[in-house]
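# Structure at a glance
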Amino acid sequence: MQGAKDVKDRRFDKMISRKKCQYILMATIVLTICFIWGNSMMPRRISSSESGRIVAVLHVLWDRLSVNYDTADHIVRKCAHFIEYANLGMQLDWLFAIRNSQQKTSKKYLNRDRITGFLSSPIARAANTTLLVALVDETIQIFSARGPQIQDVWLDLFGGMCGAAIAALIVKLFIPS
């Protein structure tokens, strides 16, 4: 009888730790989205100043590659987009993976067809959420007089999907099921 109680206690502890992990991930996701949207609210002058600092730090690299300032600034801005959204994609994938792992025991989850199963996968859900955040991000830039760019939405989506894929790979390789 004692052994059954220990198993029950371990399951309860695992459930509590998953809940804590979900809350931590949700908090970091909210902070990441606030960071992304906060950067979009910055006026063009301040945004250019921030990316200019990164360009200046990497001036040795740009000189060796014979890249002029405007091109270097463009590269830094696009890399920033990609990295922000890759980070968001990783966090979203981990959150959705935790939630999916809790649902796997239900019959409804096991009976899904392949298309529905893929669309509800952590990577697909992370991509959808990333796309929504990117669309709002570019909409904010309309009002901050910086001008939205459709290429940024695609770059953000690609960054989010790469981040989600990396997160899924980390889960598959390093976290026991």
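Residues numbered from 1 in each chain as written. Predicted model: local features only at pLDDT ≥ 70, side-chain atom pairs only at ≥ 80, totals over all residues. Heavy atoms only, no water.

## Brief notes about helix 8 (residues 150-174)
Condition: Secondary structure elements follow DSSP: runs of H or I of four or more residues count as helices, runs of E of two or more count as strands, with numbering from the N terminus. Helices are assigned an expected span. That span is 1.5 Å times one less than the residue count. Categorising residues by exposure relies on relative accessible area from a 1.4 Å probe, with only protein chains included: less than 20% of the type maximum marks a residue as buried, more than 50% marks it as exposed, and the intermediate range marks it as partly exposed.
Taking 1.5 Å per residue, 25 residues should reach 36 Å; helix 8 reaches 36 Å between its end C-alpha atoms and fits that length. Those residues of helix 8 not exposed but buried are Asp152, Val153, Asp156, Leu157, Gly159, Gly160, Gly163, Ala164 and Ala167.

## Things to note about unusual backbone geometry
In this model, Ser66 sits at a positive phi of 55°, which is unusual for a non-glycine residue. Take Ser66: it is sitting in the loop between helix 3 (59-64) and helix 4 (69-103).

## Notes on helix 2 (residues 44-57)
Condition: The directions considered for the arc are those from the helix axis to the C-beta atoms.
Taking 1.5 Å per residue as the helical rise, helix 2 with its 14 residues ought to reach 20 Å, and the 20 Å between its terminal C-alpha atoms agrees with that figure. Those residues of helix 2 that fall on the buried side of the exposure criterion are Ser47, Ser51, Gly52 and Val55. The buried side chains of helix 2 occupy one side of the element, clustering within an arc of 135° when seen end-on. Opposite the packed face of helix 2, turned more than 90 degrees from it, sit the exposed residues Arg45, Arg53 and Val57.

## Here's the deal with the environment of Tyr85
Where we set the bar: In this analysis, two residues are considered to be in contact whenever any of their non-hydrogen atoms come within 4.5 Å of each other.
With respect to the helices and strands, the residue Tyr85 is situated in helix 4. With relative accessibility at 0%, the residue Tyr85 sits in the buried group. The sequence separation of Tyr85 and Leu157 amounts to 72 residues, and the corresponding C-alpha distance is 7.3 Å. Residues in contact with Tyr85, not counting those within four places in the same chain, are Ile36, Thr130, Val133, Ala134, Asp137, Asp156, Gly159 and Gly160.

## Thoughts on the pattern of salt bridges
Basically, it comes down to this: The term salt bridge refers to a side-chain nitrogen of Lys or Arg lying within 4 Å of a carboxyl oxygen of Asp or Glu.
This structure, assessed with the given rule, holds 2 salt bridges. Of the charged contacts in the structure, one is a salt bridge between Asp73 and Arg77, with a shortest N-O distance of 3.2 Å. With Asp73 and Arg77 both in helix 4, this residue pair falls 4 residues apart, about one helical turn. On the accessibility criterion, Arg77 (24% relative accessible area) is partly exposed. Between Asp152 and Lys78 there is a salt bridge, and its shortest N-O distance comes to 2.5 Å. Of the two residues, Asp152 is situated in helix 8 and Lys78 in helix 4; the sequence distance between them amounts to 74 residues. We classify Asp152 as buried; its relative accessible area is 4%. For Lys78, a relative accessible area of 17% translates into the label buried.

## So, the confidence of the model for the protein
What counts, and what does not: Known as pLDDT, the predictor's per-residue confidence is scaled from 0 to 100.
With 80% of its residues at a pLDDT of 70 or more, the protein shows a mean pLDDT of 83. Per-element averaging of pLDDT across the protein places helix 5 (residues 107-110) at the bottom with 47 and helix 8 at the top with 93. Counting contacts from residues 105-111, a segment whose pLDDT is below 50, to residues more than four positions away or on other chains yields 4 contacts.

## A look at the layout of surface pockets
Put simply, the test is: As defined here, a cavity is a set of points on a 1 Å grid over the protein atoms alone where a 1.4 Å probe fits but cannot get out. A pocket is an open set with protein on both sides within 12 Å along at least five of seven lines, and residues line them when an atom is within 4 Å of a point. Grid points are joined across faces, edges and corners, and a volume is the space filled by probe spheres set on the points.
By volume, the second largest pocket is sized at about 680 Å³. As for the second largest pocket, its lining consists of 27 residues, and the residues nearest its centre are Ser47, Arg77, Ala80, His81 and Arg146. Counting residues per element, the ones that place at least two in the lining of the second largest pocket are helix 1 (2-41), helix 2, helix 4 and helix 7 (122-143). In terms of residue count, helix 4 provides more of the lining of the second largest pocket than any other element does, 10 residues in total.

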